[in-house]
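# Structural description and commentary
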Amino acid sequence: MPTAHSIQSIDFLTAFSESVLAYPIVLSIHLTCIALFGGMILATDLRLLGVAFKGLTITEVVTSLRAWKRIGGTIMIAMGLLLAASEAEKYAPNPFFWTKMIILGLIGVHALIFRPIVYNKTEELDRSPVIPTKAKVAAILSLVLWTSMVVMGRLIAYWD
Amino acid sequence: MPLQNAVADALNNSEWVFALAECVHIGGFAVAIGSIALVDFRMLNLGLRRETAARILRDTELWTVVALLFVMFSGVALFLSQVDIYRVNLIFPIKMYVLAAALIYNFTVHRRVATMENPPPFVSKLVAMVSLLLWVSVVFGGIFTGFLV
């Protein structure tokens, strides 16, 4: 894979993957984001399912965590790309890595579909006497997609 | 130790069980730490401000405890599968001390202050920051256990 080789040969990426400390620190930050940001996604999904935080409106849960999810998600993806790019030759043929990237793409599709009808319509959801099916579908798909992300991330290490 | 051997055999003979245990471990700590962090974010006034920290704690506590059980069971399984490696690891014991501190702190100081009616704001914030610091340190400890042998 010439492309993969030239990516990981970029000076700072080579230095990064050869550093004893930089690689595990970035991986730790990646996982810390999964923990903090994952908890917020879980909270949002559980609220949409009507399982937790019933004392809070859906609007409150979605809007007060939105900025943090964006910040956390950005750091998480940046760190993840750094990890992958520094070992591009190892990642390029790895089917789990590409599955993970496809799931990441599906998370984007999920946002495109459900943002206009669920996440940006929270006041409508709050007014509804029962939580509409579309909100529950969005929450369940979100949980499935993010769980798959974690599983695929871990399985990347098991392919050789 | 028969249990140790049995778990080691099961995990070593089928790589997928080890992978599964790792996935449970990661998924579990994401839920456990994430749910604790929601309380911390509230105590720091960074999110869910319409609700009290006490109420958020009540709503999340079951999730935290159940997830922590999954994390600990999978963690013990991972440990038993490679006892010799962990025994000589320099970081692993530090991770365990920090974990013990985080657990004790979470169910004593953190819980007490989160459920207080009107805690002084700086106390609340300090307690939340220490909580986040402890749990993030545990995550770092786990990764460094794998990297610095």
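Just above sits the structure.
Quick look at the structure, then. No experiment lies behind these values; they were computed from the predicted model shown. (Residues numbered from 1 in each chain as written. Chains lettered and ligands numbered in written order. Predicted model: local features only at pLDDT ≥ 70, side-chain atom pairs only at ≥ 80, totals over all residues.)

### Focus: unusual backbone geometry
Where we set the bar: Each helix is a run of H or I in the DSSP string that is no shorter than four residues. Each strand is a run of E no shorter than two, and both are numbered from the N terminus.
Of note in the backbone geometry, Asn 45 of chain B takes a positive phi value of approximately 65° without being a glycine. Secondary-structure assignment places Asn 45 of chain B in the loop between helix H2 (15-43) and helix H3 (53-81).

### Focus on the interface of chain A and chain B
Put simply, the rule is: Any pair of residues counts as being in contact when their C-beta atoms, constructed from backbone geometry, are within 7 Å of one another. Asp, Glu, Lys and Arg are counted as charged, while Ala, Val, Leu, Ile, Met, Phe, Trp, Tyr, Cys and Pro are counted as nonpolar; the rest, among them Gly, fall into the polar class.
Contacts between the two partners involve 28 residues from chain A, matched on the other side by 27 residues from chain B. Looking at the side of chain A that touches chain B, the elements that each hand over two or more residues are helix H3 (22-49), helix H4 (58-86) and helix H8 (133-155) of chain A. Top element by residues in the side of chain A that touches chain B is H3 of chain A. It accounts for 13 residues. Its residues placed into classes, the side of chain A that touches chain B shows 19 nonpolar, seven polar and two charged.

### Thoughts on H3 of chain B
Working note: α-helix, 3.6 residues per turn, so residues spaced by three or four point in the same direction. Filter applied, for reference: A helix is expected to span 1.5 Å for every residue after the first. Axes are fitted to the seven residues ending at a residue and to the seven starting at it; the angle between these axes is taken as the bend at that residue.
Over its 29 residues, H3 of chain B runs 39 Å from end to end, which matches the ideal 42 Å to within 8%, given 1.5 Å per residue. The largest bend in H3 of chain B is about 45°, located at Thr 60 of chain B.

### Brief notes about the packing of H2 of chain B against helix H6 (residues 121-147) of chain B
Residue and element names in this part refer to chain B. Keep this limit in mind: Helix axes are fitted to C-alpha atoms over the stretch in contact, other axes to C-alpha atoms as well, and angles between N-to-C directions run from 0 to 180 degrees. Note on angle classes: values under 35 degrees are labelled roughly parallel, values over 145 roughly antiparallel, values of 65 to 115 roughly perpendicular, and the remainder oblique. Crossing handedness follows the turn of the near helix against the far one: under a right angle anticlockwise gives a left-handed crossing, and clockwise gives a right-handed one.
Between H2 and H6, the least distance of the axes is 8 Å, while the angle of their chain directions is 160°. With respect to H6, the element H2 is oriented roughly antiparallel. In the crossing of H2 with H6, the sense of the turn from one axis to the other is left-handed. For the pair H2 and H6, the contacting residues are Phe 29, Ile 33, Ile 36, Ala 37, Asp 40 and Met 43 in the first and Ser 124, Lys 125, Val 127, Ala 128, Ser 131, Leu 132, Trp 135 and Val 139 in the second. Across the contact of H2 with H6, the residue classes break down as ten nonpolar, two polar and two charged.

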